[in-house]
Amino acid sequence: MSATTGRVAGRVALISGGARGMGEAHARALVAEGASVVIGDVLEEDGARVAAELGAQRALFVHLDVTDEESWRHAVAATVDRFGHLDVLINNAGIFSRGSVAEATVADWRRTIDIDLTGNFIGMHTAVEALKASGSASVINISSIAGLTGFKNRAAYSAAKWGVQGLTKTSALDLGPFGIRVNSVHPGSVRTPLTAGLQRGFGQIPLGRDAAPEEISELIVFLASDESRFITGASIAIDGGETAGNNLRQDA
Ligand SMILES: NC(=O)c1ccc[n+]([C@@H]2O[C@H](COP(=O)([O-])OP(=O)(O)OC[C@H]3O[C@@H](n4cnc5c(N)ncnc54)[C@H](O)[C@@H]3O)[C@@H](O)[C@H]2O)c1
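First, a word on scope: everything that follows refers to the structure included in this document. (Residues numbered from 1 in each chain as written. Predicted model: local features only at pLDDT ≥ 70, side-chain atom pairs only at ≥ 80, totals over all residues.)

1. Topic: the overall build of the protein chain
Line of reasoning, step 1. Within the protein chain, the secondary structure is distributed over 6 helices and 7 strands.
Line of reasoning, step 2. The linear arrangement of helices and strands in the protein chain, starting from the amino end, is β-α-β-α-β-α-β-α-β-α-β-α-β.
Line of reasoning, step 3. In terms of overall size, the protein chain behaves like a compact globule, its C-alpha atoms giving a radius of gyration of 18 Å where 252 residues would be expected to give roughly 18 Å.
Line of reasoning, step 4. Its C-alpha atoms give the protein chain principal-axis dimensions of about 60 × 40 × 40 Å. (Helix = DSSP H or I, 4+ residues; strand = E, 2+ residues; numbered from the N terminus. Rg over C-alpha atoms; globule rule 2.2 N^0.38 Å.)

Rendered as structure tokens:
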């Protein structure tokens, strides 16, 4: 049964990589604001647990490998079968890979582009007809601050995340006439399993700290809702000011 109250009441969202980290937080926030969610991930146990905690009435887990077109087709069909429509697509699944162009292997490059960029394309490609039927759809592509500036030691990751920004702006032009908004979100440092092993300071961040996943979810709920109905083609940084300028520069 769909909710009648909340900022995204009655809307249906498909979230790739929703089994943990930021995707899990987005699923929880959207359900709290009245949406139904489909969590797609390769992590079956985690994804099924999150969906069970959210309740079968408003959440479903589907196995989704974002690099695989058939897998996406199944996830989109399962969403429409279960909840009747698809209004919000959140292309969130992603991996991190290290290395400059000298150090990263060609295999690292291909895998990162495949998941972080091509996965995003296939998601939009396979969901577009269902999104057109929504009448007021929102696609939210998760990039990174590595898709707004250069990023040391992350050649493949940065290229993929810049690609997400370009794909987003192009798709905003192509899909606007069908009532589909497309925006990219560029988080800075966020505490998730992806970043748990990283040694990084916060001196470069004007606010002096990293973020909890739920702080990013507040932006996601806004973009998923009709509150953001005139925003499309935007690249929105949510980074504590990390890309505002050189916070470490000291001029006397
Ligand atoms: N954590 C940060 O500081 C940060 C900053 C900027 C951008 N991001 C981006 O935010 C997104 C979420 O990251 P997170 O920090 O929550 O990471 P995370 O590792 O906690 O979650 C990523 C999820 O994506 C899933 N996934 C990976 N490959 C997949 C595939 N082929 N098919 C389907 N699912 C797959 C994983 O299983 C996992 O559940 C990613 O796109 C990441 O690049 C993260």
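2. Here we look at the nonpolar core
Line of reasoning, step 1. Counting residues in hydrophobic clusters, the biggest one holds 53 residues, and the most contacted among them are Ala13, Leu30, Val37, Ile39 and Ala224.
Line of reasoning, step 2. If one sorts the elements of this core by residue count, helix α1 (residues 21-32) sits on top with 6 residues.
Line of reasoning, step 3. Ignoring any residue separated from it by four or fewer positions in sequence, one finds Leu30 in contact with Val8, Ala13, Ala35, Val37, Val221 and Ala224.
Line of reasoning, step 4. Within the second largest apolar cluster, 11 residues are counted, among which are Ala146, Tyr157, Leu167 and Ala237. (Core = buried A, V, L, I, M, F, W, Y, C linked by C-beta atoms within 7 Å. Buried ≥ 20, exposed ≤ 12 C-beta atoms within 10 Å, placed from the backbone. Contact = placed C-beta atoms within 7 Å.)

3. Quick word on the environment of Ala9
Line of reasoning, step 1. If you trace the backbone, Ala9 turns up in the segment before β1 (12-16).
Line of reasoning, step 2. When the C-alpha positions of Ala9 and Leu30 are compared, they lie 8.8 Å apart, and in sequence the two are 21 residues distant.
Line of reasoning, step 3. Here Ala9 is in contact with Ala3, Thr4 and Gly34, once residues within four sequence places are set aside.

4. What to know about the site of the ligand
Line of reasoning, step 1. Around the ligand, 28 residues are found, and the nearest of them are Gly17, Gly21, Gly94, Thr192 and Leu194.
Line of reasoning, step 2. In terms of residue count, α1 provides more of the shell around the ligand than any other element does, 3 residues in total.
Line of reasoning, step 3. When the residues that make up the shell around the ligand are grouped by side-chain class, the tally is 14 nonpolar, 11 polar and 3 charged. (Near = placed C-beta within 6 Å. Nonpolar A, V, L, I, M, F, W, Y, C, P; charged D, E, K, R; others polar.)

5. Focus: the environment of Ile205
Line of reasoning, step 1. Locating Ile205 in the fold gives a position in the loop between β6 (180-187) and α6 (213-224).
Line of reasoning, step 2. Excluding its chain neighbours within four sequence positions, the residues that come into contact with Ile205 are Gly188, Ser189, Gly240, Gly241, Glu242 and Asn247.

6. Describing the environment of Ser228
Line of reasoning, step 1. With respect to the helices, strands and loops of the structure, Ser228 is situated in the loop between α6 and β7 (235-238).
Line of reasoning, step 2. Between the alpha carbons of Ser228 and Ser138 there is a distance of 9.2 Å; along the sequence they are 90 residues apart.
Line of reasoning, step 3. Residues contacting Ser228, with those up to four places away along its chain left out, are Phe222 and Leu223.

7. Considerations on the pairing of strand β4 (residues 88-91)
Line of reasoning, step 1. Residue alternation in β4 divides its side chains into two sets, Val88 and Ile90 and Leu89 and Asn91, and both sets are buried.
Line of reasoning, step 2. By the bridge criterion, 3 bridges tie β1 to β4 in an arrangement that is parallel. The partner of Ala13 across the bridge, within β4, is Val88.
Line of reasoning, step 3. Of the strand pairs in this sheet, β4 and strand β5 (residues 137-142) are connected by 4 bridges, and their pairing is parallel. From the neighbouring strand, Val88 faces β5, where its bridge partner is Ser138.
Line of reasoning, step 4. Running through helix α4 (residues 106-134), the crossover from β4 to the neighbouring parallel element β5 is right-handed. (Pairing = 2+ DSSP bridges. Right-handed = clockwise from strand over helix to strand, strands pointing away.)

8. Remarks on the pairing of β6
Line of reasoning, step 1. Within β6, 8 of the 8 residues are buried, leaving the element largely enclosed by the surrounding structure.
Line of reasoning, step 2. Across the two faces of β6 the burial is the same, with Ile180, Val182, Ser184 and His186 and Arg181, Asn183, Val185 and Pro187 all buried.
Line of reasoning, step 3. Both β5 and β6 contribute to a ladder of 6 bridges, which runs parallel. Across the sheet, residue Ile142 finds its bridge partner in β6, namely Val185.
Line of reasoning, step 4. Once the chain exits β5 it traverses helix α5 (residues 155-175) before rejoining the sheet at β6, and the crossover so formed is right-handed.
Line of reasoning, step 5. For β6 and β7, the ladder comprises 4 bridges, and the chain directions are parallel. Residue pairing in the sheet places Pro187 in a bridge with Ile238 of β7.
Line of reasoning, step 6. Note that the unit made of β6, α6 and β7 has a crossover that is left-handed.

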